[in-house]
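Listed below are the residues making up each chain.
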Amino acid sequence: VTFELVDRAALGADSVQLVSRNWLIRYDNQQYMQSSGAGVVGEFPVVSVAQPYYRYCSRVRDEPEGLVVCGFEGEFTVVPGTIDDPLGPKFSLPVPYIELPAPLELA
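A brief structural summary. Bear in mind that the values here come from a model prediction, so they are computed numbers and not experimental data. (Residues numbered from 1 in each chain as written. Predicted model: local features only at pLDDT ≥ 70, side-chain atom pairs only at ≥ 80, totals over all residues. Heavy atoms only, no water.)

Here's the deal with the overall build of the chain
- Per the secondary structure count, the chain includes one helix and seven strands.
- Each helix and strand of the chain, placed in order from N terminus to C terminus, yields the pattern β-α-β-β-β-β-β-β.
- Looking at the chain as a whole, 30% of its 107 residues qualify as buried.
- Pairs at least 24 residues apart make up 63% of the contacts formed inside the chain by residues separated by at least 6 positions. (Helix = DSSP H or I, 4+ residues; strand = E, 2+ residues; numbered from the N terminus. Buried < 20%, exposed > 50% of the residue type's maximum accessible area, 1.4 Å probe, protein only. Contact = heavy atoms within 4.5 Å.)

A word on the environment of Trp 23
- Tracing the sequence through the fold places Trp 23 in strand E2 (residues 15–27).
- Through-space distance from the C-alpha of Trp 23 to that of Ser 36 is 6.2 Å; in sequence the pair is 13 residues apart.
- In this structure, Trp 23 is in contact with Met 33, Gln 34, Ser 35, Tyr 56, Phe 72, Glu 73, Gly 74, Phe 76 and Val 95, ignoring residues within four places of it in sequence.

Focus: the side chain of Arg 26
- Turning to its location among the elements, Arg 26 is positioned in strand E2.
- Side-chain polar atoms of Arg 26 contact the side chain of Tyr 97, separated by 3.2 Å.
- Sequence-distant contacts of Arg 26, defined by excluding residues within four places in its chain, comprise Gln 31, Tyr 32, Val 68, Val 69, Cys 70, Gly 71 and Tyr 97. (Polar contact = N/O pair within 3.5 Å; in protein donor to acceptor, adjacent residues only side chain to side chain.)

Some remarks on the nonpolar core
- Counting residues in hydrophobic clusters, the biggest one holds 16 residues, and the most contacted among them are Phe 3, Tyr 56 and Phe 76.
- Where this core is concerned, the elements lending two or more residues are E2 and strand E6 (69–80).
- The biggest single contributor to this core is E2, with five residues.
- Not counting residues within four places of it along the chain, the set of residues in contact with Tyr 56 comprises Val 1, Phe 3, Trp 23, Val 40, Val 41 and Phe 76. (Core = buried A, V, L, I, M, F, W, Y, C linked by side-chain atoms within 4.5 Å.)

Details of the side chain of Thr 77
- Topologically, Thr 77 is positioned in strand E6.
- Contacts of Thr 77, omitting those with residues within four sequence positions, involve Gln 17, Leu 18, Val 19, Ser 20, Lys 90, Phe 91 and Ser 92.

Some thoughts on the pattern of salt bridges
- Summed over all chains, the structure comprises one salt bridge.
- One salt bridge in this structure joins Arg 8 and Asp 14, with 3.2 Å as the shortest N-O distance.
- Given the relative accessible area of 44%, Arg 8 is considered partly exposed.
- Residue Asp 14 is classed as partly exposed on the basis of its relative accessible area, which comes to 46%. (Salt bridge = Lys/Arg side-chain N within 4 Å of Asp/Glu carboxyl O.)

Points about the environment of Thr 82
- Relative to the helices and strands, Thr 82 is located in the loop between E6 and strand E7 (91–99).
- Residues Thr 82 and Gln 17, 65 residues apart in the sequence, show an inter-C-alpha distance of 5.1 Å.
- Residue contacts for Thr 82: discarding those within four places in its chain leaves Gln 17 and Val 46.
- There is a polar contact of 3.0 Å between the side chain of Thr 82 and the backbone nitrogen of Asp 85.

Following this line, the structure appears as structure tokens:
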């Protein structure tokens, strides 16, 4: 996942900080699992004019045995400025459903 500060004028601030995330993960048997919590991978990144990008890679831990992740959707909650010095109210950045390609079988 890559965060990018695109339009700071619309944001009304020179930075935004990630507060939390909420994922709904779908498996190949139509089961769902929710993963929510503070930050991402133990971090609360700030995206700013000075650091306009933040990229991280996430994975599902403790998958039910034999199940394959088919897709996910969710949202990030961020705050303009920083958590310690907010410049406005928190807001959500929705992530539409993303279907993952089926894993390749090795012969």
